[in-house]
Amino acid sequence: MEVTDSENKLYTRMRLWEFADQYVIEPTDGNSGSSLSISRVDGSMKLIGELPHNSSTRATKIQIIFGLVGMLKLFAGVYVIVITERECMGSYMGHPIFKVSSLKILPCDHSLKNSPAELKKMETEISVLLNAAERTTGLYFSYDVNLTLSAQRLHDLGNESRKFPLWRQADPRYIWNNYMLEALIDNKLDPYLLPVIQGNILYVRNFQAAIGKDIADVTLIARRCTRRNGTRMWRRGADADGYVANFVESEQIVKINGFTGSFVQVRGSIPLLWEQIVDLTYKPKFEVVRPEEAPQVVKRHFLDLQKRYGAVLAVDLVNKHGSEGRLCEKYANAMQHVASDDIRYLHFDFHQICGHIHFERLSYLYDQIEGFLKKNGYFLLNENGEKVEEQLGVVRTNCIDCLDRTNVTQSMIARKLLESQLQRIGVFMADDTIGKYPHFDECFKIMWANHGDEISIQYSGTPALKGDFVRFGKRTMDGIVKDGCNALARYYLNNFRDGAKQDAIDLLHGHFIVSVNRDLTPQSQHQGLESIAVSTFFLSYFILIKILDYCNFFAARSDFRHFFFSLFWACLSLGLAAFVRANGRIFCNRPRLNKSLR
């Protein structure tokens, strides 16, 4: 399926020349075109016909690059981001897909030499955030096909639209570098405009041993929305326009015997104005902001989903009781204002029904949503490329983080739909299931487990919890131990690392204008070290208490003495939690950037 016109081909391989006064990007992939010159003084760009030949402008460094991600302007300097390493991950619609293995920041900040000392200091402090760009995970791109659109939307794309440059065809909400491309767009540099998505693309092939003579290619793509991108705890709920945190579109594609099938699901934070203020407690309180606006925010969110996907079934997996329950109640009440034949809300208390080990009870959920799935179907092309089935609706799944419970549930739904597609194509008999083919089953589980891990790493910094069930079909002791370690790692990252990471994400996506809050007095080095020492002490102490608490809890079921100690450690944990809740802001407080939404 060709998506781009030959006149709009992107450069796939370029040579980067670093001169004293400029960077020159020279196409070397056989496509004729002008080189791009970028001033190291102010970042201004122009196309040049040939490289500088003056011996006084000899390049200090030459290297191969594979794409221009974009540009960012700070106080005085401009910073160019390029792809220095890539890895081919397979294909999508017959075209190669690449993962970004390495990025490089090229500073164009020579104008800082004549800037005031204060401005130089501010520029240095803020430019440190750009290092997060080089560490960003899960970035993918293609030179030939639009990765921001599902197979169904690509098929429905008109021939006239396919003549446009790739960036113009793309859905801007899934372009990770959308803001950084603006300067290149303004300069009409279409052959250099490479759309990049954040998510993951997992490519599994050759199930021949599992399904007799048939060979199946299965691809799983995640597309992360950039409208409310961020980290766990620091980016929750929705904004006033209805865009939610951790919104991810997951598309499962199967190609077999000339047929192409696709099924799309979405996940996203509860679409209310709510947040969790990081204060060193393990689970900060949920705070609903401006509750009177909840009906309108929910309405905007679901009308947008309906416009894009058709019918919507919202599956809410949060607890019915406790703080999650209060949030669930507000969500359910707000949904009453938008519920219709095409927008439905279903609550399924995952922890109450499935507990921590009985995930097979998700079959109860499937029984409740089976009618919706059969009615709204999936996308399917026959051997001639003709559309024979169309997906008319989408399941929207959420828990609190939209990570662990959500991934287990989505993998179950995806398995059922893949079985339906293979039965429709004729590869499976009516009573066949994926579980009957061990190799096929194993590859499917691994694919979805890796999918969940990657989304979780991008949002929380750790692999997904409950991943052992997705990977092996059951809970394991090793998986439970790993979940405990990952939970503690999330606690550390939420409190001590993700705030700065959130600033970096907002900077990359243009969600604020760079400025410094002058009311904040910088801490002395001694104060900073003291804060770190106190924070580290309480973190270590908290971890120790939790470990002893868990150990005594499991032993307490058969021994009164262990029960007493379990109760003791639990009370001590609660006491520590109360203390850090009262004093947490002292330990975690740090200067933040003033944000001005675009």
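Scoring rules and cut-offs
- Residues numbered from 1 in each chain as written.
- Predicted model: local features only at pLDDT ≥ 70, side-chain atom pairs only at ≥ 80, totals over all residues.
- Heavy atoms only, no water.
- UniProt positions renumbered as here; feature names shortened; annotations may be inferred.
- Helix = DSSP H or I, 4+ residues; strand = E, 2+ residues; numbered from the N terminus.
- Polar contact = N/O pair within 3.5 Å; in protein donor to acceptor, adjacent residues only side chain to side chain.
- Phe/Tyr/Trp six-rings, centres within 6.5 Å; stacked < 30°, edge-to-face > 60°.
- Buried < 20%, exposed > 50% of the residue type's maximum accessible area, 1.4 Å probe, protein only.
- Lys NZ or Arg CZ within 6 Å of the ring centre and 35° of its normal.
- Patch = residues over 30% accessible without salt bridge, like charges linked within 9 Å, V, L, I, M, F, W, Y side chains within 5 Å.
- Areas by Shrake-Rupley, 256 points an atom, 1.4 Å probe, with all protein chains shown as cover.
- Salt bridge = Lys/Arg side-chain N within 4 Å of Asp/Glu carboxyl O.
- Pairing = 2+ DSSP bridges.
- Axes fitted to C-alpha atoms, helices over the stretch in contact; angles between N-to-C directions.
- Expected span 1.5 Å × (residues − 1).
- Contact = heavy atoms within 4.5 Å.
- Parallel < 35°, antiparallel > 145°, perpendicular 65-115°, else oblique.
- Left-handed = near helix turned anticlockwise from the far one by under 90°.
- Nonpolar A, V, L, I, M, F, W, Y, C, P; charged D, E, K, R; others polar.
- Core = buried A, V, L, I, M, F, W, Y, C linked by side-chain atoms within 4.5 Å.

Asks: How should I be thinking about the UniProt feature "transmembrane region" (unreviewed entry) in the chain in this particular structure?
Replies: In this numbering, the UniProt entry assigns the feature "transmembrane region" (unreviewed entry) to residues 62–83 and 560–580. The span residues 62–83 carries 0% helix and 77% strand; its end-to-end C-alpha distance comes to 14 Å.

Asks: Would you take a moment to explain the side chain of H301 for this structure?
Replies: With respect to the element layout, H301 can be found in helix α6 (residues 294–309). At 2.8 Å, the side chain of H301 and the backbone oxygen of G242 are in polar contact.

Asks: How should the packing of aromatic side chains be read in this particular structure?
Replies: Any pair of aromatic rings gets described here by the distance separating the centres and the angle formed by the planes. Applying the stated criterion across every chain, the model contains eleven aromatic pairs. When the ring of W274 is compared with that of F286, the centres are 5.5 Å apart and the planes differ by 80 degrees; the resulting orientation is edge-to-face. Highlighted residues: W274 in strand β14 (residues 274–276) and F286 in strand β15 (residues 286–288), separated in sequence by twelve residues. Where Y331 meets Y345, the ring centres are 5.1 Å apart and the plane angle is 75 degrees; that geometry is what we call edge-to-face. One end of the pair, Y331, is in helix α7 (residues 322–335); the other, Y345, is in strand β17 (residues 343–347), with 14 residues separating them in the sequence. By relative accessible area, Y345 is classed as partly exposed at 22%. Put simply, the rings of F98, F141 and Y143 pair up and form one aromatic cluster. The ring of F164 has R168 lying over it, and the distance from NZ or CZ to the ring centre is 4.5 Å.

Asks: I keep staring at a nonpolar patch on the surface and nothing clicks. Help me out?
Replies: Residues M477, I480 and V481 make up a contiguous nonpolar surface patch of about 290 Å² in total accessible area. Summarising the element assignment, M477 is placed in helix α13 (residues 477–496). Looking at M477, the relative accessible area reads 62%, which means it is exposed.

Asks: Sorry, what's going on with the sheet that holds strand β5 (residues 61–65) here?
Replies: Neighbouring strands of a sheet are bound in pairs by backbone hydrogen bonds; such pairs are parallel or else antiparallel. What the five strands build is an open sheet, ordered β4-β3-β2-β1-β5; its pairing is antiparallel. Two strands bound the open sheet, and with one partner strand each, they are β4 (45–48) and β5. The mean inter-strand angle of the sheet, taken between neighbouring strand axes irrespective of direction, is 25 degrees.

Asks: Would you explain α13 in this entry?
Replies: Within an α-helix, residues lying three or four positions from one another point in the same direction, as the helix has 3.6 residues per turn. For α13, which comprises 20 residues, the first-to-last C-alpha distance of 29 Å matches the rise-based estimate of 28 Å (1.5 Å per residue) to within 8%. Within α13, burial applies to G479, D483, N486, A487, R490, Y491, L493, N494 and N495.

Asks: What should I look at first to understand helix α14 (residues 498–508) in this one?
Replies: Burial of α14 is extensive: nine of the eleven residues sit out of reach of the surface. Residues D498, G499, Q502, D503, A504, I505, D506, L507 and L508 constitute the buried set of α14. Contact partners of the buried residues in α14: β6 (67–73), β7 (78–92), α1 (117–127), α2 (131–134), α11 (438–460) and α13.

Asks: Explain the packing of helix α10 (residues 404–425) against α11 here, please?
Replies: In a packed pair of helices, the relevant descriptors are the angle between the two axes and the axis-to-axis distance. Running from N to C, α10 and α11 cross one another at 140 degrees; their axes reach a closest spacing of 10 Å. Looking at the two axes, α10 sits oblique to α11. In terms of crossing hand, the pair formed by α10 and α11 is right-handed. Mapping the contact onto sequence places N407, Q410, S411, A414, R415, L418 and L422 in α10 and F440, D441, F444, K445, W448, H451 and G452 in α11. Split into classes, the residues belonging to the contact of α10 with α11 amount to six nonpolar, five polar and three charged.

Asks: In this structure, what is going on with the pattern of salt bridges? I would like to understand it.
Replies: Where charged atoms of side chains with opposite charge meet at close range, the side chains can pair. Applying the stated criterion to the full structure yields 21 salt bridges. The partner of K9 in a salt bridge is D144, and the shortest N-O contact between them spans 2.4 Å. Here the residue K9 occupies a position in the segment before β1 (14–18), and D144 occupies one in the loop between β9 (139–141) and α3 (151–156), the gap between them amounting to 135 residues. For D144, a relative accessible area of 13% translates into the label buried. For R232, the salt bridge goes to D401, with nearest N and O atoms at 2.9 Å. With R232 in the loop between β11 (216–224) and β12 (248–256) and D401 in the loop between β20 (393–398) and α10, this pair connects stretches of sequence that are 169 residues apart. Accessibility classification places R232 together with D401 in one group, the buried group.

Asks: Teacher, can you tell me more about the packing of α6 against α7 here?
Replies: Packing of α6 against α7 leaves a shortest axis separation of 9 Å and a crossing angle of 70 degrees. Classified by the angle between their axes, α6 and α7 sit roughly perpendicular to one another. When you trace α6 past α7, the crossing you get is right-handed. Within the contact between the two elements, α6 uses A294, V298 and F302 and α7 uses Y331, A334 and M335. In terms of residue class, the contact of α6 with α7 is built from six nonpolar, no polar and no charged.

Asks: Could you clarify how one ought to interpret the nonpolar core in this entry?
Replies: The tendency in soluble globular proteins is for nonpolar side chains to be buried as a group. Core analysis: the largest hydrophobic core is formed by 43 residues, its most contacted members being L362, L365, I369, L373, I413 and L422. Sorting the residues of this core by element identifies β11, β12, β13 (259–267), β16 (311–316), α8 (350–354), α9 (362–376), α10 and α11 as the ones contributing at least two each. For this core, the element with the most residues is α10, which contributes eight residues. Setting aside chain neighbours within four positions, we find L422 in contact with V254, I256, V427, F428 and F440. If you look at the next biggest cluster of nonpolar residues, it comprises 30 residues, including A238, F247, L305 and Y309.

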